[in-house]
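# Tertiary structure, described
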Amino acid sequence: MSNESTKIPQATAKRLPLYYRFLKNLHASGKQRVSSAELSEAVKVDSATIRRDFSYFGALGKKGYGYNVNYLLGFFRKTLDQDEVTKVALIGVGNLGTAFLNYNFLKNNNTKIEVAFDVSESRVGTSIGEVPVRHLDELEKLIDEHHIQVVILTVPSHAAQPITDRIVKSHVKGILNFTPARLTVPSHIRIHHIDLAVELQSLVYFLKHYPS
Ligand code: ATP
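Residues numbered from 1 in each chain as written. Predicted model: local features only at pLDDT ≥ 70, side-chain atom pairs only at ≥ 80, totals over all residues. Heavy atoms only, no water.

As annotated in an unreviewed UniProt entry, the chain carries the name Redox-sensing transcriptional repressor Rex and comes from Cytobacillus stercorigallinarum. Taken from UniProt, the Subcellular location (unreviewed entry) comment for the chain reads in full: "Cytoplasm". Taken directly from UniProt, the Function (unreviewed entry) text for the chain runs: "Modulates transcription in response to changes in cellular NADH/NAD(+) redox state." (UniProt positions renumbered as here; feature names shortened; annotations may be inferred.)

If you want it as structure tokens, here you go:
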């Protein structure tokens with residue numbers, strides 16, 4: 001992200017890609033402006049939060065006019081560095097990893113999985129969704145060669161920390177961790193944890209205890 005965006009609160013920054021995707025669709029359908037109420041309905045974020053978020057972007061909606069779609073798109077493109085493709089590596093080509101390799105991330109984001117890693121003989125040397133699967137022994141070398149900035153971790157939990165310890169010695173900036181392991185990283189590395197089982201359990205809990 002550019003320096004300009006570093007003052008944006010983290011909660012707001014997390015909503016940026018959501019806004020960006022919706023605005024791109026609006027733009028593609030020829031819309032020039034959008035109200036916070038329309039946005040709110042579409043992205044399921046309350047309109048007060050949207051107005052506050054947008055004020056950080058220097059976008060001040062006008063009463064009876066709403067927000068200028070082009071202005072917002074320009075801002076998001078710049079802030080999210082969407083003009084440049086972010087190169088991603090995936091480690092662990094099991095069920096979840098394979099699904100990610102087959103999913104075309106470039107459709108919605110300028111991110112591309114360049115290379116995948118595994119230790120299983122049956123997977124190393126194959127290609128999935130046009131992404132080559134290489135042996136973990138080549139991790140440091142290939143991360144460097146491909147200028148990888150982000151790593152997706154879909155290995156078994158026990159393998160996650162030792163692999164992370166290797167990744168943090170490279171120029172990788174971020175890790176998206178799909179394993180249940182809570183990982184320790186130095187402060188210059190950004191890590192996001194997504195535990196699908198926990199998310200599902202939490203949804204079921206809310207459905208049971210807070211029925212609407
Ligand atoms: P499947 O059992 O079909 O592979 P899964 O997603 O349930 O699917 P996991 O046991 O979670 O399998 O392993 C995910 C993938 O990670 C597998 O392809 C496995 O070969 C690979 N793997 C296991 N240990 C490592 C490691 N140390 N480094 C890289 N990949 C690993």
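### A short note on the domain arrangement of the chain
Under the domain assignment used here, the chain contains domain 1 (3-78) and domain 2 (86-198). Taking only C-alpha atoms, the centre of domain 1 and the centre of domain 2 are 31 Å apart. (Domains from an automatic or database assignment.)

### A word on the packing of aromatic side chains
A complete count under the given rule lists 9 aromatic pairs for this structure. Considering the side-chain rings of Phe-54 and Phe-76, the 6.3 Å spacing of their centres and the 70° angle between planes classify their relative orientation as edge-to-face. Of the two residues, Phe-54 is situated in helix α3 (residues 47-56) and Phe-76 in helix α4 (residues 69-79); the sequence distance between them amounts to 22 residues. Through successive ring pairs, a cluster of aromatic residues spans Tyr-19, Tyr-20, Phe-54, Tyr-67, Phe-75 and Phe-76. (Phe/Tyr/Trp six-rings, centres within 6.5 Å; stacked < 30°, edge-to-face > 60°. Helix = DSSP H or I, 4+ residues; strand = E, 2+ residues; numbered from the N terminus.)

### Regarding the confidence of the model for the chain
For the chain, the average pLDDT comes to 89, and 92% of its residues sit at 70 or higher. Every residue in residues 1-5 is under pLDDT 50, and counting partners more than four places away or in other chains gives 9 contacts. (pLDDT = per-residue confidence, 0-100. Contact = heavy atoms within 4.5 Å.)

### Considerations on the site of the ligand
Within the structure, the ligand sits among 14 residues, and Val-93, Gly-94, Asn-95, Asp-118 and Arg-123 are positioned closest to it. One nitrogen or oxygen atom from the main chain of Val-93 is found 3.3 Å from an oxygen atom belonging to the ligand. A distance of 2.6 Å separates an oxygen atom of the ligand from a polar side-chain atom of Asp-118. In the complex, the protein chains occlude 65% of the 610 Å² of accessible area that the ligand would expose alone. When the residues that make up the shell around the ligand are grouped by side-chain class, the tally is 7 nonpolar, 5 polar and 2 charged. (Near = heavy atom within 4 Å. Polar contact = N/O pair within 3.5 Å; in protein donor to acceptor, adjacent residues only side chain to side chain. Areas by Shrake-Rupley, 256 points an atom, 1.4 Å probe, with all protein chains shown as cover. Nonpolar A, V, L, I, M, F, W, Y, C, P; charged D, E, K, R; others polar.)

### Considerations on a nonpolar patch on the surface
A cluster of nonpolar side chains, contributed by Leu-200, Leu-203, Val-204 and Leu-207, occupies part of the molecular surface with about 390 Å² of accessible area. Considering the arrangement of structural elements, one finds Val-204 in helix α8 (residues 196-209). Classification of Val-204 by relative accessible area gives partly exposed; the value is 40%. (Patch = residues over 30% accessible without salt bridge, like charges linked within 9 Å, V, L, I, M, F, W, Y side chains within 5 Å. Salt bridge = Lys/Arg side-chain N within 4 Å of Asp/Glu carboxyl O. Buried < 20%, exposed > 50% of the residue type's maximum accessible area, 1.4 Å probe, protein only.)

### Brief notes about the packing of helix α1 (residues 10-28) against α3
Orientation of α1 relative to α3, taken along the N-to-C sense of each, is 100°, at an axis distance of 11 Å. In this view, α1 runs roughly perpendicular relative to α3, as classed from their interaxial angle. Residues Thr-12, Arg-15 and Tyr-19 of α1 form the contact with α3, whose own contacting residues are Thr-49, Ile-50, Arg-52, Asp-53, Phe-54 and Tyr-56. (Axes fitted to C-alpha atoms, helices over the stretch in contact; angles between N-to-C directions. Parallel < 35°, antiparallel > 145°, perpendicular 65-115°, else oblique.)

### A word on the packing of helix α2 (residues 36-43) against α3
The geometry of a pair of packed helices is captured by two quantities: the angle between their axes and the separation between those axes. Two elements in contact, α2 and α3, have axes separated by 9 Å at closest approach and are oriented at 110°. Comparing their axes, α3 and α2 come out roughly perpendicular. Viewed along their axes, α2 and α3 form a crossing whose handedness is right-handed. Across the interface between the two elements, Ser-36, Leu-39, Ser-40 and Val-43 of α2 pack against Ser-47, Ile-50, Arg-51 and Phe-54 of α3. In terms of residue class, the contact of α2 with α3 is made up of 4 nonpolar, 3 polar and 1 charged. (Left-handed = near helix turned anticlockwise from the far one by under 90°.)

### Focus on the sheet that holds strand β4 (residues 111-118)
Pairing within the open sheet is mixed, and its 7 strands lie in the order β5-β6-β4-β3-β7-β8-β9. Each edge of the open sheet is held by one strand with a lone partner, namely β5 (127-128) and β9 (190-193). The pairing of strand β3 (residues 86-91) with β4 spans 6 bridges and is parallel. In the strand pairing of β4, Ala-89 is matched with Val-115. (Pairing = 2+ DSSP bridges.)

### Examining the pairing of strand β7 (residues 150-153)
Alignment of β3 against β7, held across 4 bridges, turns out to be parallel. By the bridge assignment, Val-88 is partnered in β7 with Val-150. Relative to strand β8 (residues 174-177), β7 is paired through 4 bridges, and the arrangement is parallel. Among the inter-strand pairings, Val-151 is bridged to a residue of β8, identified as Ile-175. Following the backbone out of β7, through helix α7 (residues 157-167) and into the adjacent parallel β8, one traces a crossover that is right-handed. (Right-handed = clockwise from strand over helix to strand, strands pointing away.)

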